[in-house]
Amino acid sequence: MRLTTYNFPCSDELANLAAVPLGVIIQPLAELAREEEPLETVDFGESGPIRCTRCKAYINPFFIFIEGGRKFRCNLCSYENEVPPEMFMNLDMMSGRRLDYDRRPELRRGSVEFVASKEYCARPPTPASYVFAIDVSFAAVQSGMLAKCAQGIWECLYSGEKGLPAGTKVGFITFDRTIHFFNLTSSLEQAQMLVVPDISDIFVPLNAGFLVDPLESKWEISLRPLLHALCVADPLIFDRSVIENLLAALPTIFEANRVNEPLLGAAVQAAFEALKDKGGKLCIFQTALPTSGPGALKNREDVKLLGTDKERALYEPQEYFWKKIGQDYSQAGVCVDMFLFPTAYIDVATIGALSALTGGETYTYVNFDTARDGPKFVGDLKHCLYRTFGYDALLRVRVSTGLKVVEYYGNFYMRNATDIELAGLDSTKAVGIALKHDGKLDEKAESSIQAALLYTTATGERRIRVHNISVPNTTLLGNVFRYADMDTTLNYLAKAAVAQTVNASLKTVRDGLAEKCIRILTAYRKHAASSTSPGQLILPESFKLYPLYSLCLLKSKAFRAGAEMSSDIRVHNMRMLKAISVPESIPLLYPRMLPIHDLSSPIGEPDARGLIKYPTPIRVSYERLDPAGAYLVENGQQIMLWLGRAIPVEFLRSVFGVEGLDAVDIKLRELPPLENTVSEKVRNIIGRVRSERPRYMQLQIVRQQTDHMLEVEFGNMMVEDQNLDNMSYVDYLCAVHRHIQMEMSSSS
């Protein structure tokens, strides 16, 4: 849980004067950093965790125990509660703490997890079920998507890397003009395909065998009699699961398919019938706009609308069917992740609503090419299935007296004004919360925020994860800036800006982002900065890079101007921003660039902690590039390796094993493991970069003045330069300074 500022202004007037938004970014299932201790689990038995009887806040380190330990005062509403008799404990006379303080994680830790009692379970918790719904139309077969999808699922289930959590079950649906279910009962030698041709009345034609444990669906063929007849001493026994055989056979089964009408709506209905009483995750693999069947859509992309005020109509679903079934999925606790492989408009705004309403994610691979995109697709699929996952979740945020929650930002569904319903939630997802004053805060007290997530783990345990934070209140505007968090503020503003795009034009939203930058910096200059020359640009220490990141936000795919950005790509990036965490959003806005042509010791070598030593990062601008150099640029989504036209042959020989720049294969997704120091160091650096990011990042090689289309993409990552219909950083900083001077002059 991160705040935009860690000193809350005592009044709404002071908050407006500072212009720094009061916001919270919550990432409930975030992975722990290497140095952090594991989250502790507390079991209060059938009675459940202790809660305030007035505001229902969970017990936390900021509860104050009084009257010898017989009562506690809630830090959110100040109500004095009786301590249950079985929980009574005397207080230490010196510290005022309970004598069992050291044995109670809920009193020592800001974040803790409670075992949920039966009253928190609407249905018996079970391990998550995973259904894979795969488009097997002509386009899916011809593009190689079907074969790569089958391979990727096999690797996720059986390669031995990590696998799905213990106890989970999987099922498979394939679809074109009809829907195909598969019986995966372990007693079968091969999966049985059952076809449902009537899409007007979708049902699951299996009572058992559709959802199975991938490690238990086994059959054995013994070749002992045959081998004995052939006088072979040691018989071989093949042990292969029914699922493995199905995945191996899928490309062959549908290789002659000429149907090019994937009925996605019917497949989604079928998967819902299979999962609605269980909860879990649906992974959809789709190649084209569903133009027939339930939820049929039209191609509404109009290039004349792009870049105009009417473009925002393309950001909302065009057919109510998809919004309704997304809500049904959310209420059933089924998360939907979509893998899209379009060659044309596919209406991400509409079909992607399934993911947006269920806490899922959408991945896109435009003009899918197996050699180019296959590794990234498989990497994304593993990332999707391996990361920490919970389902059937409910998030409630409570704040202390004097504050109120006024807005929620993210990919979720809400049936009421207080509960965020998350059919699924993974370790990378974050939610934004907007706060507002509901009265004046006491400067001598603190403001508290509690986020409680009720969810079922992928292994079938019902838990309540609670995060708590308490921060000082202040009457000094300077403290609001001194303890502000720029990274969190940018993430919050990005989420709020995406929410605005439904009701305002992109130009209005972009102007609002630029104006917010000027307002915040003007407020500091006017009310908190020390007396200096009127013509001097003064920036708060915590917001020194705010103009740079404000410009980067304007250049992002979600908000950049121009008609060349399709609505599919824009909507995909908007929804990604709505759910992105703070650590992921910063490199996405401002990429990291590392020079790797000079790898003198200890660069590229492990240090005492085992971490690979990085070269010193440089600013992302073409002016910083040396034609005789090589540079890695990464933004958390992909890695680009730029090779200058004058790169020394020795470097190319050491890293790629070639004698010239023209001989470098730009389709390489992994560098060859050559036996020399330079090769090892470069691969070490790439390995560490990948290990630090939660997503799979595919390597793309770019050669200067040779790979023109890739150079354009690389140039777009040079955010300090003048590009993407926006100013350079230097020009933007000067423009911000002029506006601040104008504001100062007008106010004086």
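From a predicted model like this one, the values you see are computed outputs, not experimental measurements.

### A closer look at the nonpolar core
Piece 1. Counting residues in each nonpolar core, the largest one holds 109 residues, and the members touching the most others are Ile179, Leu282, Tyr329 and Phe559.
Piece 2. Apart from the residues within four sequence positions on either side, Leu282 is in contact with Val131, Ala133, Ala271, Leu275, Tyr329, Val334, Cys335, Val336 and Asp337.
Piece 3. Judged by nonpolar contacts, the second largest core, of 44 residues, contains Met145, Cys283, Tyr365 and Phe368.

### Things to note about the sheet that holds strand 6 (residues 71-73)
Piece 1. Read across the open sheet, the three strands follow the order 5-6-7; overall the sheet is antiparallel. Because the sheet does not close on itself, it has two edges, and the strands there are strand 5 (64-66) and strand 7 (80-82). Adjacent strand axes in the sheet meet at a mean angle of 35° when their direction is disregarded.
Piece 2. Where strand 5 and strand 6 come together, three bridges link them in antiparallel fashion. Pairing of Phe65 across the sheet is with Phe72, part of strand 6.

### Examining unusual backbone geometry
Piece 1. Here the bond from Ser601 into Pro602 is cis, since omega is 10°, no more than 30 degrees from zero.
Piece 2. Structurally, Pro602 can be placed in the loop between strand 24 (592-595) and strand 25 (630-634).
Piece 3. A positive phi angle, near 70°, is found at Lys56, a position not held by glycine.
Piece 4. Structurally, the position occupied by Lys56 is in the loop between strand 4 (41-42) and strand 5.
Piece 5. A residue is classified by how much of its surface remains accessible, and Lys56, at 41% relative accessible area, is partly exposed.
Piece 6. In the Ramachandran plot, Asp725 falls in the positive-phi region, its phi being about 60° despite a non-glycine side chain.

### Some remarks on the sheet that holds strand 27 (residues 698-703)
Piece 1. Reading across the sheet, the four strands line up as 24-25-26-27 and stay open at both edges, with mixed pairing between neighbours. Strands at the two margins of the open sheet, each flanked by one partner only, are strand 24 and strand 27. Adjacent strand axes in the sheet meet at a mean angle of 20° when their direction is disregarded.
Piece 2. Bridge analysis of strand 25 against strand 26 (residues 638-643) gives five bridges, and the strand direction is antiparallel. Note on strand 26: the bridge partner recorded for Val633 is Met640.

### A closer look at the environment of Ala563
Piece 1. On the secondary structure map, Ala563 appears in the loop between helix 15 (546-555) and helix 16 (567-579).
Piece 2. Residues Ala563 and Gly307, 256 residues apart in the sequence, show an inter-C-alpha distance of 4.8 Å.

Criteria and thresholds
- Residues numbered from 1 in each chain as written.
- Predicted model: local features only at pLDDT ≥ 70, side-chain atom pairs only at ≥ 80, totals over all residues.
- Heavy atoms only, no water.
- Core = buried A, V, L, I, M, F, W, Y, C linked by side-chain atoms within 4.5 Å.
- Buried < 20%, exposed > 50% of the residue type's maximum accessible area, 1.4 Å probe, protein only.
- Contact = heavy atoms within 4.5 Å.
- Pairing = 2+ DSSP bridges.
- Helix = DSSP H or I, 4+ residues; strand = E, 2+ residues; numbered from the N terminus.
- Axes fitted to C-alpha atoms, helices over the stretch in contact; angles between N-to-C directions.

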